[in-house]
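# Working through the structure, step by step
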Amino acid sequence: MIVDERIKNLRKKAGNLPLLPGVYVMRSKSGEIIYIGKAKKLKNRVSQYFRENKQHTDKVKKMVSAVYDFEYIICDSEFEALVLECSLIKQNMPKYNILLKDDKGYHYIKITKTDWPTISASFDQNDKNAEYIGPYISGFVVNETIDEVRKIFRLPSCSKSFPECISRKSRPCLNYHIKLCSAPCSAKITKEEYNEAVAQAVELLRGGASKSIKDLKEQMNLAAENLEFEKAGRLRDRITAIEKIGDRQKVYSSTYKRQDVIALASADTAACFEVFVFFDGKLSDREEFLIDAVDSQEAARSEFIRRYYTLRDNIPPRISIDGDIEDRELLEKWLSDKSGKQVNIHVPERGEQEHLVTLCRKNASERLAQALGRKIGQTAGLDELARLLNLPKPPKFIESYDISNTAGSENVAGMVVFKDGKPYKSSYRRFKIKSFEGQDDFRSMAEVVERRFLEYKKAETADGFGTLPDLILLDGGKGQLSAVNEVLKRLEIDVAVFGMVKDSKHKTRAITAGGKEIAIKANRSAYILVSEIQEEVHRFAIGYHRKLRSKNQNVLKLMEIEGVGEKRAKALIKTFKTVSAIEKADIEALKNAGLPENIAINVYEYFNI
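Remember, predicted model here, so these are calculated numbers, not experimental data.

It is worth spelling out the sheet that holds strand 11 (residues 344–346) at this point. Spatial strand order, 9-8-7-10-11: five strands in an open sheet with mixed pairing. Edge strands, defined here as strands with exactly one partner in the open sheet, are strand 9 (282–292) and strand 11. Each adjacent strand pair in this sheet contributes to an overall mean axis angle of 20 degrees, direction not counted. Direction of pairing for strand 7 (residues 258–266) relative to strand 10 (residues 318–321): parallel, over a ladder of three bridges. Note that in strand 10 the partner of Val261 across the bridge is Ser320. Strand contacts of helix 9 (residues 297–310): strand 7, strand 8 (270–279), strand 9, strand 10 and strand 11, with the helix running at about 135 degrees to strand 7, the strand carrying the most contacts.

Structure (structure tokens):
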């Protein structure tokens, strides 16, 4: 590798740093501050950037390529360095740090003063022909509340204006048919009924669920007494809908009155942090932050907490987070000093808190999947798999191998590749076992993996065999793992390898490594992904085996013809592809395939006389 003079000089300068805590500031060619970090030992931390490291993310590599100088500030302690780092980042906003915007303004619920009022979210109160409820700090609360109110009272969420668009001839949209809208655009509801629904919705927004249910029950009983059964039924349905909303909200409730829940979902090119904010034990806000791919999840969680709470004064006494975190004690001390009360960072493993963390992570995975244009199951599956197998990050490329034979004959292997959680068929490969005859799945697996990675070492580009996978999954257990790990160790290939274990019904049961099994059924997204990989590699390997076995049977059939040996039989199959095509061939076609005339006549007569 050619190292330019810039990197050499930076490496030399980093080697002269003290082994003391402090803050380092990276600068670009123009002198702009592009990254600020803190370190327990400045020399060790800064030197890492300027060494050859294939594990660096693209973001770190890009940052290092832009660094032309750095400076540092020695601190008395790592805690002092953390405080200084937070202050400097807030002042300078370097482009390569995790940067979060504190752009929360006030939000309102707007009710128009028209014959057909509408309810919507608003950032201001500029419309004199409307009334407003608020202000709210959280836009999430406003949007969620409006969405639920529209569903309960079947109010339109479209942009149509009433009464201009009302027509008895127009067809109502899907929302009407699934009982989410009363379709005023198609005259499915009278103006009086519509205004009654809006008035009840506003009452729910102003007075809350308990008061709204009480008032609606009184109205329902009065309607029933007056024999207005249709109206009473409509009110009953609204009461039921409000109660169901309350039941759903219990899923997102905490025994701790004030806490934040933070979770990370990551992929090879990006990551997403989700934050659930709880007040009075209820989910009162949620925020999501898309960031670049992370080098280390533990370090990313630590940096995110520093950035997030640098911008906030209202820090909860409890923060639940979805995994290990760097500098937990330092962060707890910093947060406690900043808030003036004890703050604890907790990684829950069971119960209500673990449930909340899981929900938070699922939301982060969904947002990340949307941003990357993937299905939620693919992103969540890769993320869960990385956690289960303790991988540094979700695997972009997964290779899987399976052996197939019949009592040792036609011994073959299949290799499938999954990229970003999806089959990557252009990289699939098939192998015939060459080093021995007979049945030995361990030796077969070792041969195939050795041949594959010898090709990797010879490859000049990163295509096909030139791509090093992030994870290898073998269809098999301890024996296959041992054989493959021995090969990889000898070839000095550093890739995580695990086995996929099936149950008595040939369904994926667990993942194995080092003689231990990792249960995966409780992790649905990871389980679905691994099961799909195991089924795909089995299908691919056995398909190749069956093809060869069928071809071999055809060769044997042709060898029954006088004058046709194995070599001529294989040549015929290669030319005509199938026995059926050979049956239909005339003598001239058989001669053109390279057969002597007398042998061509034998073949023709075998099938036609």
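Next up on the list: a nonpolar patch on the surface. A cluster of nonpolar side chains, namely Leu20, Tyr72 and Ile74, defines an oily patch on the protein surface of about 270 Å² accessible area. If you trace the backbone, Leu20 turns up in the loop between helix 1 (5–15) and strand 1 (22–27).

Before going further, it helps to examine the state of the cysteines. Following the criterion strictly, the structure yields zero disulfides and no others. Cys75 carries a free sulfur, and the closest cysteine sulfur to it, the one in Cys86, is 12 Å from it.

Moving on, we come to the nonpolar core. Of all hydrophobic cores here, the largest spans 30 residues; its most connected members are Ile262, Phe304, Ile305, Tyr308, Tyr309, Trp334 and Leu335. Those elements giving two or more residues to this core turn out to be helix 4 (78–92), strand 7, strand 8, strand 9, helix 9, strand 10 and helix 10 (328–339). The residues contacting Tyr308, other than those within four sequence positions of it, are Leu100, Asp260, Val275, Val277, Glu287 and Phe289. Within the second largest apolar cluster, 26 residues are counted, among which are Ile403, Met415, Ala446 and Val497.

The next point concerns the sheet that holds strand 3 (residues 69–74). If you walk across this open sheet you meet the three strands as 2-1-3, and the pairing is antiparallel. The open sheet is flanked by strand 2 (33–39) and strand 3, the only strands paired with a single partner. If you compare each strand with its neighbour and ignore which way they point, the axes differ by 20 degrees on average. Judged from the six bridges that link them, strand 1 and strand 2 form a sheet pairing that is antiparallel. Paired with Arg27 across the strands is Ile33, a residue of strand 2. Contacting strand 1, strand 2 and strand 3, helix 2 (residues 42–49) crosses the sheet at an angle of about 25 degrees to strand 1.

A positive phi is found at Ala183, a non-glycine position, where the angle reads about 55 degrees. Tracing the backbone through its elements, the reader meets Ala183 in the loop between helix 6 (174–177) and helix 7 (191–225). Classification of Ala183 as buried rests on a relative accessible area of 2%. The residue Asn390 is not glycine, and still its phi comes out positive at about 60 degrees. Assignment of secondary structure puts Asn390 in the loop between helix 12 (376–388) and strand 12 (397–406).

Below, the discussion takes up the pattern of salt bridges. Summed over the entire model, instances satisfying the criterion amount to 29 salt bridges. Here Asp337 ties to Lys333 by a salt bridge, and the two come within 3.3 Å at their closest N and O atoms. Taken together, the residues Asp337 and Lys333, both in helix 10 and four residues apart, mark about one turn of the helix. Take Asp337: its relative accessible area is 49%, and that puts it in the partly exposed class. By relative accessible area, which is 42% here, Lys333 ends up partly exposed. Arg451 serves as the salt-bridge partner of Glu447, at 2.8 Å between the closest nitrogen and oxygen. Here Glu447 pairs with Arg451, and both are found in helix 13 (residues 441–458), just four residues apart, close to one helical turn. Looking at Glu447, the relative accessible area reads 10%, which means it is buried. The network of salt bridges with shared partners includes Arg301, Asp322, Arg361, Asp383 and Arg387.

The description of an aromatic ring pair rests on the distance of the ring centres and on the angle between the ring planes. Across all of its chains, the model carries 16 aromatic pairs by this definition. Aromatic pair Phe304 and Tyr308: ring centres 5.5 Å apart, planes at 20 degrees, arrangement stacked. Taken together, the residues span about one helical turn, with Phe304 and Tyr308 both in helix 9 at a distance of four residues. On the basis of relative accessibility, which here comes to 0%, the residue Phe304 falls in the buried class. Take Tyr308: its relative accessible area is 2%, and that puts it in the buried class. Ring plane angle 35 degrees and centroid distance 6.5 Å describe the contact between Phe431 and Phe465, whose orientation is recorded as tilted. Of the two residues, Phe431 sits in strand 15 (residues 429–432) while Phe465 sits in the loop between helix 13 and strand 16 (471–475), which places them 34 residues apart along the sequence. Each member of the pair, Phe431 as well as Phe465, is classed as buried. Each residue in the set Tyr24, Tyr35, Tyr49, Phe50 and Phe70 is aromatic and connected to the rest through ring pairs, giving one cluster. Of note, Arg312 hangs over the ring of Tyr308, and the distance from its end group to the ring centre comes to 3.8 Å. The lysine or arginine in question, Arg443, covers the ring of Phe436, its NZ or CZ lying 4.1 Å from the ring centre.

What counts, and where the lines are drawn
- Residues numbered from 1 in each chain as written.
- Predicted model: local features only at pLDDT ≥ 70, side-chain atom pairs only at ≥ 80, totals over all residues.
- Heavy atoms only, no water.
- Pairing = 2+ DSSP bridges.
- Helix = DSSP H or I, 4+ residues; strand = E, 2+ residues; numbered from the N terminus.
- Axes fitted to C-alpha atoms, helices over the stretch in contact; angles between N-to-C directions.
- Contact = heavy atoms within 4.5 Å.
- Patch = residues over 30% accessible without salt bridge, like charges linked within 9 Å, V, L, I, M, F, W, Y side chains within 5 Å.
- Areas by Shrake-Rupley, 256 points an atom, 1.4 Å probe, with all protein chains shown as cover.
- Salt bridge = Lys/Arg side-chain N within 4 Å of Asp/Glu carboxyl O.
- Disulfide = S-S within 2.5 Å.
- Core = buried A, V, L, I, M, F, W, Y, C linked by side-chain atoms within 4.5 Å.
- Buried < 20%, exposed > 50% of the residue type's maximum accessible area, 1.4 Å probe, protein only.
- Phe/Tyr/Trp six-rings, centres within 6.5 Å; stacked < 30°, edge-to-face > 60°.
- Lys NZ or Arg CZ within 6 Å of the ring centre and 35° of its normal.

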